[in-house]
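# An overview of the molecular structure
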Amino acid sequence: MVKKVRKPNNEKQNTGLLIDGENVGAKKVNAILNAARSQGKLYEGKVYGRQKDIHTRQWSDKAKEYGISDIRLYGGPEKNKVDNKIKKDARRLINQHKNIDIVCIATSDNGYVDIIRELRSLGKRVVVIGEKQASASLRSSCNCFVEI
């Protein structure tokens, strides 16, 4: 009897990247992109911030330079405005692009635990790219946490 050995799938999987520009600084763009690309083929990348926020404005230049969509939210500084937009877009991303296998979220914000669990329940691999201060609950909610 001959036992068949399955070859590992070395094909890169399609990856969507959503960056919380309020939570992770633009100086980390290379580390974020390297971490996302190490997971799979980068299919779509977006960075989010408020239009009048001087801290996230640096992301606009980086987005142009690296070919990432720059999502600027208008209006006042509502609580969780950017977080809620990212959550909504994560759902839209996997519903509109069935070929997305991996969702990377660049943040250290604990407010994403619910969407991470939701994406995982739908069979998606979720990778959080965050900093040292990320909480244990954020780290444990995803398939993989990459510290930058």
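Residues numbered from 1 in each chain as written. Predicted model: local features only at pLDDT ≥ 70, side-chain atom pairs only at ≥ 80, totals over all residues. Heavy atoms only, no water.

## Concerning the side chain of Lys87
Locating Lys87 in the fold gives a position in helix 3 (residues 81-96). The buried category is assigned to Lys87, whose relative accessible area is 13%. The residues touching Lys87, leaving out its near neighbours within four places in the chain, are Gly111, Tyr112, Asp114 and Ile115. (Helix = DSSP H or I, 4+ residues; strand = E, 2+ residues; numbered from the N terminus. Buried < 20%, exposed > 50% of the residue type's maximum accessible area, 1.4 Å probe, protein only. Contact = heavy atoms within 4.5 Å.)

## Concerning the pattern of salt bridges
Tallying each qualifying case throughout the model produces nine salt bridges. As a salt-bridge pair, Lys28 and Glu131 come within 3.5 Å of each other at their nearest N and O atoms. Here Lys28, found in the loop between strand 1 (13-20) and helix 1 (29-39), pairs with Glu131, found in the loop between strand 5 (125-130) and helix 5 (136-141); they are 103 residues apart in sequence, far enough to count as distant. Lys28 sits in the partly exposed class, given a relative accessible area of 27%. Overall, Glu131 belongs to the buried group, its relative accessible area being 14%. The salt bridge partner of Arg92 is Asp89, with a shortest N-O separation of 3.0 Å. Highlighted residues: Arg92 and Asp89, both in helix 3, separated by three residues, approximately one helical turn. Classification of Arg92 as partly exposed rests on a relative accessible area of 34%. In this structure Asp89 comes out as buried when scored by relative accessible area, which is 4%. (Salt bridge = Lys/Arg side-chain N within 4 Å of Asp/Glu carboxyl O.)

## Brief notes about the environment of Trp59
With respect to the element layout, Trp59 can be found in helix 2 (residues 54-66). Its relative accessible area of 0% is what places Trp59 among the buried residues. Through-space distance from the C-alpha of Trp59 to that of Gly21 is 6.8 Å; in sequence the pair is 38 residues apart. Among all residues touching Trp59, those that are not within four sequence positions of it are Ile19, Gly21, Val24, Gly25, Ala26, Val29, Ile32, Val47 and Arg72.

## Focus: the packing of helix 1 against helix 2
As a packed pair, helix 1 and helix 2 sit with axes 11 Å apart at the nearest point and diverge in direction by 45°. One element, helix 1, and the other, helix 2, form an angle in the oblique class. Considering how the two elements wind past one another, helix 1 and helix 2 form a crossing that is right-handed. For the pair helix 1 and helix 2, the contacting residues are Val29, Asn30, Ile32 and Leu33 in the first and Trp59, Lys62 and Tyr66 in the second. Looking at the contact of helix 1 with helix 2, its residues break down into five nonpolar, one polar and one charged. (Axes fitted to C-alpha atoms, helices over the stretch in contact; angles between N-to-C directions. Parallel < 35°, antiparallel > 145°, perpendicular 65-115°, else oblique. Left-handed = near helix turned anticlockwise from the far one by under 90°. Nonpolar A, V, L, I, M, F, W, Y, C, P; charged D, E, K, R; others polar.)

## Description of the sheet that holds strand 6 (residues 144-147)
Strand order across the open sheet formed by six strands is 3-2-1-4-5-6, with parallel pairing between neighbours. A strand with exactly one partner marks an edge of an open sheet, and here the two such strands are strand 3 (69-73) and strand 6. Going from strand to strand, the sheet's axes swing by 20° on average, the running direction of each strand aside. Relative to strand 2 (residues 40-50), strand 1 runs parallel, the two sharing eight bridges. Bridge pairing in strand 2 places Gln13 opposite Gly40. Sheet contacts for helix 3: strand 1, strand 2, strand 3 and strand 4 (100-106); angle to strand 2, the most-contacted strand, approximately 155°. Along the sheet, helix 4 (residues 113-121) contacts strand 4 and strand 5; its crossing angle with strand 5, the most-contacted strand, is approximately 150°. (Pairing = 2+ DSSP bridges.)

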